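Structural overview
As a plain string of letters, each chain reads:
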Amino acid sequence: MSFGGHDPYQPLRPPNGGPYSPPPHPGPYVPPQPGPSPYGPPSPHPYVPRRPPSLWQRMREDDWPPLGEFLSGLRLHGCLWALAALCAWPLVVGVLAGYPLARSARRRARRLFPSGARHRLVDPGVARVQRTRAWTATAMSLLILAVYGRPEDVDQAQEQFMMRITITPWLLLLSAPVVVVVLFRRSSPAARRAMRAPLRTAGRTALWYFGGFTTVPLMVAAILYAKNSMGPDAGRWVPLALLVPLLWMLLFLAFATGPAVRTAFNTADVHAALPALLTGVLVWELAAIGLAMGGMPPGPPAVRFAALVGGPLSVTAVAWWEIRRLRVRYGVGW
């Protein structure tokens, strides 16, 4: 048999016709030497796959699943669902109808006012001091009420607490423009140009909150007017039509109020020191309003004076310390 003039049993020759030279041998075999592995020491802990977060962990992290995933995550037996539908059907209907509404309102609130700071420099030391100051102030207030307070003083303290919760967002809406104007006047032209875009975003979120607060009483007035002044058909269907947007707006305000107050309507995106500045201004405004509406705290004159100015002074000191740490540690300037 012919292989095109080539003997397959002969070694291959180079193309130039020279003698065959086998490839160089790498040398004698050397067994691997004992020593540290080039890939590092083996891990003492075996790989354990991470468990997916539970339903409540997802909801705490602002990841509210759709209604189907929420119901499957409850992991209730079919008999329990049937028992709940028979004995507590209003609760079941409320969950089926209210959960999608609450999820929609919460998603909108977290889109406008994230629970975690987006651009704010979070200093763990400052947060720890703020928590300590808040708990200390609460304990001192309760101690003064327990030692010197009368029943009417306790009622007045509760009224002032609810009053502060109600008027704090409005004070922020009124105080923030003044503080921003002062900050703009103290900033350089380059810093002013950089702050204009986030300032517009913060203004839009504040208008959303202000619009929600304004819409709620208007909807309530429309429902009362429809029930009392319109005909029987309109008096029945108009309140039902307005009930769903009213509930959505109430849920939006409930989910947005806490982050809006903590972030001062996202003013941290404008300047990192703005939340601390607004906190220092707001605490003195609340103290003045509380003094005008409720008078001095109970107790001897020295205790009254300390209770009146101790809270605002401590908050102002912590805010000033936070601004100083922002300047020294993170280079945040004016």
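Described in the following lines is the structure provided in the data block. What you see is a predicted model; the values in this text were computed from it and never measured.

Attention now moves to the overall build of the protein chain. Along the backbone of the protein chain there are 10 helices and zero strands. The N-to-C order of helical and strand elements in the protein chain reads α-α-α-α-α-α-α-α-α-α. In the protein chain, buried positions account for 28% of the 334 residues. Counting contacts in the protein chain only where the partners sit at least 6 residues apart, residues at least 24 apart contribute 76% of the total. For the protein chain, the accessible area works out to roughly 22,900 Å², and carbon and sulfur atoms hold 67% of it.

What follows deals with the pattern of salt bridges. What the rule picks out here adds up to one salt bridge. The closest approach of N and O atoms between E152 and R150, which form a salt bridge, is 3.4 Å. Overall, the relative accessible area of 42% leaves E152 in the partly exposed class.

At a closest axis distance of 8 Å, the pairing of helix α6 (residues 151–186) and helix α9 (residues 274–294) adopts a crossing angle of 135°. It follows that α6 is oblique to α9 by the angle criterion. Regarding α6 and α9, the two cross each other, and that crossing is right-handed. Here the contact of α6 with α9 is composed, by residue class, of 16 nonpolar, six polar and two charged.

Moving on to the nonpolar core. Judged by nonpolar contacts, the single largest core of 38 residues is most densely connected at F113, Y209, F252 and F265. Elements that contribute at least two residues to this core include exactly α4 (89–112), α6, α7 (189–229), α8 (232–262) and α9. In contact with F113, other than residues within four places in its own chain, are T205, Y209, A256, P259, A260, F265 and N266.

Another point: the environment of V220. Looking at the element boundaries, V220 is found in helix α7. When its relative accessible area of 37% is taken as the criterion, V220 is described as partly exposed.

We now examine the packing of aromatic side chains. Throughout the structure, instances matching the rule amount to eight aromatic pairs. Ring centres of F113 and Y209 lie 6.3 Å apart, and the angle between their planes is 90°; this geometry places the pair in the edge-to-face category. Of this pair, F113 sits in the loop between α4 and α5 (124–148) while Y209 sits in helix α7, and the two are 96 residues apart along the sequence. When the ring centre of F255 is taken as reference, the NZ or CZ atom of R106 above it lies at 4.9 Å.

Attention shifts here to helix α10 (residues 301–330). Owing to its 3.6 residues per turn, the α-helix brings residues three or four apart onto one side. The end-to-end C-alpha distance of α10, which contains 30 residues, comes to 42 Å, matching closely the 44 Å that a straight helix rising 1.5 Å per residue would cover. Looking at the buried residues of α10, the elements they touch are α5 and α9.

Further remarks concern a positive patch on the surface. Taken together, the side chains of R193, R196, R200 and R204 define a basic patch exposed on the protein surface. Along the polypeptide, R200 turns up in helix α7.

In this section: the environment of L145. Looking at the element boundaries, L145 is found in helix α5. Along the backbone, L145 and P297 are 152 residues apart, and their C-alpha atoms lie at a distance of 8.7 Å. With sequence-adjacent residues up to four places away left out, L145 is seen in contact with D153, V154, A157 and P298.

Rules and cut-offs
- Residues numbered from 1 in each chain as written.
- Predicted model: local features only at pLDDT ≥ 70, side-chain atom pairs only at ≥ 80, totals over all residues.
- Heavy atoms only, no water.
- Helix = DSSP H or I, 4+ residues; strand = E, 2+ residues; numbered from the N terminus.
- Buried < 20%, exposed > 50% of the residue type's maximum accessible area, 1.4 Å probe, protein only.
- Contact = heavy atoms within 4.5 Å.
- Areas by Shrake-Rupley, 256 points an atom, 1.4 Å probe, with all protein chains shown as cover.
- Salt bridge = Lys/Arg side-chain N within 4 Å of Asp/Glu carboxyl O.
- Axes fitted to C-alpha atoms, helices over the stretch in contact; angles between N-to-C directions.
- Parallel < 35°, antiparallel > 145°, perpendicular 65-115°, else oblique.
- Left-handed = near helix turned anticlockwise from the far one by under 90°.
- Nonpolar A, V, L, I, M, F, W, Y, C, P; charged D, E, K, R; others polar.
- Core = buried A, V, L, I, M, F, W, Y, C linked by side-chain atoms within 4.5 Å.
- Phe/Tyr/Trp six-rings, centres within 6.5 Å; stacked < 30°, edge-to-face > 60°.
- Lys NZ or Arg CZ within 6 Å of the ring centre and 35° of its normal.
- Expected span 1.5 Å × (residues − 1).
- Patch = residues over 30% accessible without salt bridge, like charges linked within 9 Å, V, L, I, M, F, W, Y side chains within 5 Å.
- Lys, Arg positive; Asp, Glu negative; His and termini not counted.
- Charge placed at Lys NZ, Arg CZ, Asp CG, Glu CD.

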